[in-house]
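Structural overview for review
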Amino acid sequence: MATAGKVIKCRAAVAWEPNVPLMMEEIEVAPPQEGEIRIKVVATGVCHTDLYHPFEVKDKRGFPTVLGHEGAGVVESVGPGVTDFKPGDKVIPLFLSQCGECKFCKSPNTNLCDCSWSSKYHDIMSDPTTRFTCRGQPILQFMGTSTFSEYTVINQIAVAKIADDAPLDRVCLLSCGISTGYGAAVNTAGVTPGSVCAVFGLGAVGLAAVMGCKNAGASRIFAVDINEKKFEKAKVFGATDFLNPKAYDKPISEVLAELTNGGVDFSLECVGNTEVMRTALESCVKGWGVSVLVGWTDVKDFSAKPIQLISGKTWKGSLFGGFKSKDSVPNLVCNYMNGKIKLDKMSLEQVNDAINLMKTGDCIRCILNISK
Ligand code: NAD
Ligand code: ZN
């Protein structure tokens, strides 16, 4: 590649500060250093976590940054010491790394690699080790990935090589939303055949959780959302019952308890709201009910009455669906059933439109075509 070893100037959507629209800028992307890979981003999804950072948590220390962590692309060049990747390989950047060396990677019980940005910098949600500059200023790399840019540089421990014929504008969703929701159901909750489940929040993450419950053999899946437009899609993914909490004058956990003779076996919170987290736990049956937190928030503490756990329920959380990222993403790509999700394709210039569509709930996932 003619660009190897040189600084690349390219377009990126920069979030200069919280609560303002992203700005299209020309940025400089330095060549990859030891163990790093420079990737030409081809497509990226817009996940709720991309909105959460600038519009909900608003911590100024995480700015300026390039958002985006649901991308797929092609290797442009590799730094010294990289042997598993070569220019032209199709890849998926991973917001959760898998170094293979740390005690967490070596344990079969978790996917939380200790070398991930999130183990040190989860409060600023960015990796300060950045190869980006813009107008003379370093620009942070959101979640270590920054896929709202034509090029990005990522350590090889956070990149998965995928099949050459994978459609990048579809499989990009496997780098976050779909794997997260699906894995939360099949791995973290451990949904069992014949069980009754409830999924709270029906964005891409929640719909994937519904799909996971169905594939694990759940007999009844309650889809819960305050936006009833989401119910039709949830049905396609396997939901059997639909509840809008706003349509009842009592807590939805009581409604669920009445409909299921005491509560659901498994519940998954895919909203990122601490009140909904509590409700999801309270919706579980005593004795064995399992509730999984998938929605992301650091703004508030959560709470519940101790009796909820004393009565035999389990409250768990899940990052990236419990999947060990580098090992699992290539397999998920192979198993991906194409065309189950409506993909609204847009260009990088329309990134703020995509954010607004997500805020109003008018799309499940917007895919931005970054480059050809
Ligand atoms: P989204 O915004 O597309 O979907 C959220 C859904 O929740 C919407 O349909 C909305 O109408 C619904 N909702 C809002 N308030 C509700 C309420 N009170 N009760 C029921 N439903 C309600 O978001 P998404 O991209 O699907 O992401 C969902 C959550 O998962 C976010 O918090 C995101 O940050 C988080 N997330 C976590 C991980 C992880 O690894 N744990 C990974 C990706 C995303
Ligand atoms: Zn590790």
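About the thresholds
Residues numbered from 1 in each chain as written. Chains lettered and ligands numbered in written order. Predicted model: local features only at pLDDT ≥ 70, side-chain atom pairs only at ≥ 80, totals over all residues. Heavy atoms only, no water. Helix = DSSP H or I, 4+ residues; strand = E, 2+ residues; numbered from the N terminus. Rg over C-alpha atoms; globule rule 2.2 N^0.38 Å. Buried < 20%, exposed > 50% of the residue type's maximum accessible area, 1.4 Å probe, protein only. Contact = heavy atoms within 4.5 Å. Areas by Shrake-Rupley, 256 points an atom, 1.4 Å probe, with all protein chains shown as cover. Lys, Arg positive; Asp, Glu negative; His and termini not counted. Charge placed at Lys NZ, Arg CZ, Asp CG, Glu CD. Pairing = 2+ DSSP bridges. Donors = N, O, S within 2.8 Å, 3.2 Å for Na, K, Ca; no water. Tetrahedral: all angles 85-135°; square planar, octahedral: opposite > 155°, others 65-115°. Phe/Tyr/Trp six-rings, centres within 6.5 Å; stacked < 30°, edge-to-face > 60°. Axes fitted to C-alpha atoms, helices over the stretch in contact; angles between N-to-C directions.

**Some details on the overall build of the protein**
Scanning the protein from terminus to terminus reveals twelve helices and 18 strands. Whereas a compact globule of 372 residues would reach a radius of gyration of roughly 21 Å, the protein reaches 20 Å, a difference of no more than 12%. Projected onto its principal axes, the C-alpha positions of the protein cover 65 × 40 × 35 Å. Split into buried and exposed, the 372 residues of the protein put 58% on the buried side. Within the protein, contacts between residues separated by at least 24 positions form 69% of all contacts whose residues are at least 6 apart in sequence. Roughly 15,500 Å² of accessible area belongs to the protein as shown, and the carbon and sulfur atoms make up 52% of that amount. Taken together, the 39 basic and 39 acidic charged side chains of the protein have centroids lying 2 Å from each other.

**Brief notes about the pairing of strand β6 (residues 90-93)**
Neither face of β6 is open: one carries K90 and I92, the other V91 and P93, and all of them are buried. Of the pairings in the sheet, the one linking strand β5 (residues 70-78) to β6 comprises two bridges and is antiparallel in character. What sits directly across from V74, in β6, is K90. Here β6 pairs with strand β10 (residues 159-161) via three bridges, running antiparallel. When the sheet's bridge partners are listed, V91 is paired in β10 with K161.

**Examining the coordination of the zinc ion (ligand 2)**
Bound to the zinc ion (ligand 2) on the protein side are C99 (SG), C102 (SG), C105 (SG) and C113 (SG), at distances that span 2.3 to 2.4 Å. The coordination sphere of the zinc ion (ligand 2) comprises four donor atoms, whose angles at the metal cover 103 to 125°; the geometry is tetrahedral.

**Overview of the packing of aromatic side chains**
Counted by the stated rule, this structure contains three aromatic pairs. Both rings, one in F302 and one in W315, keep their centres 4.7 Å apart while their planes meet at 20°; by these two values the pair is stacked. A residue pair is termed long-range when its members are at least 10 positions apart, and F302 in the loop between β15 (290-293) and α10 (307-310) and W315 in strand β16 (residues 314-317) qualify at 13 residues. W315 gets classed as partly exposed once you look at its relative accessible area, which sits at 22%.

**With respect to the sheet that holds β16**
Read across the sheet, six strands follow the order β13-β12-β11-β14-β15-β16 without closing on themselves; strand pairing throughout is parallel. Edge positions in the open sheet fall to β13 (241-243) and β16, since each of these has one partner strand only. In this sheet, adjacent strand axes meet at a mean angle of 20° when their direction is disregarded. Pairing of strand β14 (residues 266-269) with β15 involves four bridges; the strand directions are parallel. From the neighbouring strand, F266 faces β15, where its bridge partner is V290. Here helix α6 (residues 204-215) sits on the sheet and contacts β11 (196-200), β12 (220-224) and β14; the angle it forms with β11, its principal contact strand, is near 170°.

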